[in-house]
Structures are given as structure tokens and as C-alpha cells.
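Residue-level structure breakdown
Okay, here's what each chain looks like letter by letter:
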Amino acid sequence: MSNSDTPTSYRFSRRALNAQGSAIREMLKATRPDLISFAGGLPSPRLFDVSGIQESADAVLSSSPAKALQYGQTEGSPELRQALCDLMASRGLPCSPDQLLVTTGSQQGIDLLGKVMLDPGDAVALERPTYLAAIQIFSFYEANFFGVEVDAQGVDVTALEQILAQHRPKLLYLVPTFGNPSGVTLSRERRQRLLELVTRYQVLLVEDDPYSELRFSGEAEPPLIALATPEQRRWCVYLSSLSKILSPGMRLAWILAPSELLAKLTVAKQAADLHTSTLTQQVAAHYLASGRLAPHLQLARAAYSQQAQAMASALQRHFPPATLQFQTPQGGMFIWAQLSSQVNTAELLPKAAAEGVLFVPGRPFFATHPKANYLRLSFATQTPEEIEEGVRRLARAIVD
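Definitions and cut-offs
- Residues numbered from 1 in each chain as written.
- Predicted model: local features only at pLDDT ≥ 70, side-chain atom pairs only at ≥ 80, totals over all residues.
- Heavy atoms only, no water.
- Helix = DSSP H or I, 4+ residues; strand = E, 2+ residues; numbered from the N terminus.
- Rg over C-alpha atoms; globule rule 2.2 N^0.38 Å.
- Buried < 20%, exposed > 50% of the residue type's maximum accessible area, 1.4 Å probe, protein only.
- Contact = heavy atoms within 4.5 Å.
- Areas by Shrake-Rupley, 256 points an atom, 1.4 Å probe, with all protein chains shown as cover.
- Axes fitted to C-alpha atoms, helices over the stretch in contact; angles between N-to-C directions.
- Parallel < 35°, antiparallel > 145°, perpendicular 65-115°, else oblique.
- Left-handed = near helix turned anticlockwise from the far one by under 90°.
- Nonpolar A, V, L, I, M, F, W, Y, C, P; charged D, E, K, R; others polar.
- Pairing = 2+ DSSP bridges.
- Patch = residues over 30% accessible without salt bridge, like charges linked within 9 Å, V, L, I, M, F, W, Y side chains within 5 Å.
- Salt bridge = Lys/Arg side-chain N within 4 Å of Asp/Glu carboxyl O.
- 1 Å grid on protein atoms, 1.4 Å probe; cavity = no way out; pocket = protein on both sides within 12 Å on 5 of 7 lines; lining within 4 Å.
- Points joined across faces, edges and corners; volume = space filled by probe spheres on them.

This part covers the overall build of the protein chain. The helix and strand inventory of the protein chain stands at 16 helices and 14 strands. Against the compact-globule benchmark of 21 Å for 400 residues, the protein chain has a radius of gyration of 21 Å, which places it among compact chains. Its C-alpha atoms put the protein chain at 65 × 60 × 50 Å along the principal axes. The proportion of buried residues among the 400 residues of the protein chain is 53%. For the protein chain, restricting intrachain contacts to residue pairs at least 6 apart in sequence, the fraction spanning at least 24 positions comes to 76%. On the protein chain, roughly 17700 Å² of surface is accessible, and the fraction owed to carbon and sulfur atoms is 52%.

Structure follows, in C-alpha cells:
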């Protein structure tokens, strides 16, 4: 091809031109050996059950290599879907395999919902703040966002009702248990009220639940869909994942949805990637059937509890209450912190990086009217000693 044949401007779609990359994914590229990162929402690699996954992989490839290495069903392997039903029964959410669609990570599940539900300009309601990848996905489908404030009990259902009545969104996206980034859990009273609202206004409730198995203190709340009556359940979709409790590299998640919606999602997945990796599905199914997940989760909860307390204690030591405010989480991976109104955390980040510590500024977690003085800190991947040093560096960056 000659230079004259090189295109100078591709005719991208409008949605591609408007798409924004993930700030977190860019930060994960940082490789300085002395860097302490509180940025990524990554599970600790020290907690991977490498031997258990290895045993399951060996067993699958020894006993049924043709099945594991061949094309599979779009809906997901029957063995994995049954194992996931058993897992959800332990969460108070009994289901059958034909109600599930296995996806390549929860993020694909969110994307499939956007693909089958949203036209340009459709309204989507979500928390303020919320999972930034959900904002990224729904933005790609040119959604019109309506944010609902979050307090210590979760999303404000009174404010939500006003939005539902006035704007009639197609989707309501929530992370109701250990929200990302807020870390808060929606109270039982608000869960019941929310189910009444989505049914009255006929808005599809998308419940994203990657963290509920990582509770290390307090009383567990059941998934919203587990509390729903048969009529309310028609308006509920449940997403969950093995990424935070087994391995993100396996890229395994699932959707539980009403049959009419599940059929559309299945066709959309066929068009996207035909099916999720057969090999990883078979390995995960064997692992879940082996009984190793429960003791593995006990270890993870104990580790994250220690790390969360280490971060909370370090923040209290190095920051006066008037300077930084936060709520110690009862589970999950994050502390969501508010600095004084004079601090812009996007401007603070380069100073912190120069000191050798990373975090995620709060602005990307707001679909509307972003707040500049918040930051998300992940305690999952660092030891208590590293957390102490990282918080010390962060405090030094703010003083400087």
C-alpha cells in the first residue's frame, strides 16, 4: 500500500466517536516496582486457589478433553449452570439451569442488556456513584442518565421514585451489596420498597452482585430478586460472577432473567462471541462441584477483613476527620473516601503517583454532575504493611 492509499479519517460510528476508555484500565498499566496501587478492583493473587484450579483443569482434560475443547452451547455448559444454581441456592435464590445464561464476565452481561434494551436517548437510572464500566457501556448505547444519591443505607428510594415517575427509565442499574465504589449495602426496608417501585413503574431492575460472598462482618442481605414476589420478579435481572471469588482470568459470570428477556440476551450473545470458553466453564464446574469454594472463601473473607481494617486504621491515623471522611465497609474490596471540598482528586493523582501510590479519582463513577473531591481505595491486593505505607504516601501527597 502506498502512502496515498492510507486513510486519513475512518468513518467511525457516532457511538464509537463518543466512547471513552476506562481510567482504571489505564492505571493498571503502571509497572513501577515501588508503586503501591489502591486503584484496581482486583482480587488478591495471593488468594487464588491455584492448586484447586490446577486439579480441576487436569481432571477435565483427562476425563473429557473432547467436550472441554469443543464448541459449546450459547447458554453455557449444563454442568456449570447446574453448579451455579447450587451456588445461588446458598444465597437464598433457588433457580433452574434453563433460567441462566453464562457470560464472559459480568461486564458482557451488562453489555448484552444494553444491546437488547436500549435505543439512543433511552433513560437509565443508576446510583451516584456507581460502577464506572456500567456508565461506559450504557454511554456506548447513547443512554440518557439519571443519577440517584446513595447514603449509608444505599440508594435513596424516595429520590428514585421521583425519577421513575418523571422520566420512566427503561433500566435501573444497581450494585446493592457492597457497592462499587461506595462499599455500602442497601437496607432490607429499602430493598422491599425498591421492588414495589420497579413493579409499579415497570422498569427493569438490573442487580449486579459480584461482592456479596465477600462479607466479613454484619448481617447478610438476600439478593433483591430473592425477596421479589412472582409479579415483582418479572422486572428483575440478576448478574453475578466468579471473578472476585475464584478467578477474574477465567472470565465467567452469569445472568438470571425472565424467559422472554433471556431469549433475546442469548441471541445477542450468539452474535457477540457464540459462547463463553468451554474449557474454563468445564474447569469451573468441576471446581465448584469439588467443594473447595467454601473454604477458599473463608480464607478470602479473613484476609479482606484484615486488610480493610488496616486501611481504615491507617486512614484514621494519617488524616484528621475534617480532612477525610469514609465508612468502614462490612465486605467487598473498597473504601470510598471524601476529602475536603478544596481538593480535586484528579489533580491530586499525579502528585500521589510521584509519591508512589495510586487510587481512582471519584469523577468517573458519576454519570451526571460528578463530584471532584472523592476517591476510591481498594484494599484487596496489598498487605497490611503495604497499606500502611501507601496511606502514608497518600497523606504526604495531599500535604505537598
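Between helix α15 (residues 345–355) and helix α16 (residues 384–399), whose axes approach to 9 Å, the crossing angle comes to 130°. Taken as axis vectors, α15 and α16 run oblique relative to one another. Crossing geometry of α15 relative to α16 is assigned as right-handed. Residues L348, K351, A352 and E355 of α15 form the contact with α16, whose own contacting residues are R393, L394, R396, A397 and I398. Partitioned by chemical class, the residues of the contact of α15 with α16 number five nonpolar, no polar and four charged.

Attention now goes to the pairing of strand β14 (residues 374–378). Of all the five residues making up β14, five are buried; the element is thus mostly covered by neighbouring parts of the structure. Burial along β14 is two-sided: the face carrying Y374, R376 and S378 and the face carrying L375 and L377 are both buried. Two elements, strand β11 (residues 334–339) and β14, share five bridges in a ladder whose sense is antiparallel. Each residue of the ladder has a partner; that of Q338, found in β14, is Y374.

Turning our eyes to something else, we now look at a nonpolar patch on the surface. Where nonpolar side chains cluster on the molecular surface, the patch consists of Y10, F12 and L17 and spans about 390 Å² of accessible area. Along the chain, Y10 turns up in the segment before α1 (14–18).

This part covers the sheet that holds strand β2 (residues 100–103). The strand order across the open sheet built from eight strands is β2-β9-β8-β7-β6-β3-β4-β5, with neighbouring strands paired in mixed fashion. Two strands bound the open sheet, and with one partner strand each, they are β2 and β5 (154–155). For strand β3 (residues 123–128) and strand β6 (residues 171–174), the ladder comprises three bridges, and the chain directions are parallel. By the bridge assignment, V124 is partnered in β6 with L171. Strands β4 (144–151), β5, β6, β7 (204–209) and β8 (236–241) of the sheet are contacted by helix α9 (residues 188–201), whose axis makes an angle of about 145° with β7.

Before going further, it helps to examine empty space enclosed by the protein. Any empty space left between atoms is shown by rolling a water-sized probe over those atoms. Inspection of the entire model under this criterion finds two cavities of 30 Å³ or more. Residue lining of the largest cavity: P43, S44, L47, F48, K244, I245, L246, H296, A300 and Y304, and that is the complete set. Of the pockets and cavities examined, the second largest cavity occupies roughly 30 Å³. Around the second largest cavity sit S182, G183, V184, Q327, T328, P329 and F334, which together line it. Looking at the lining of the second largest cavity residue by residue, the class counts come to three nonpolar, four polar and no charged.

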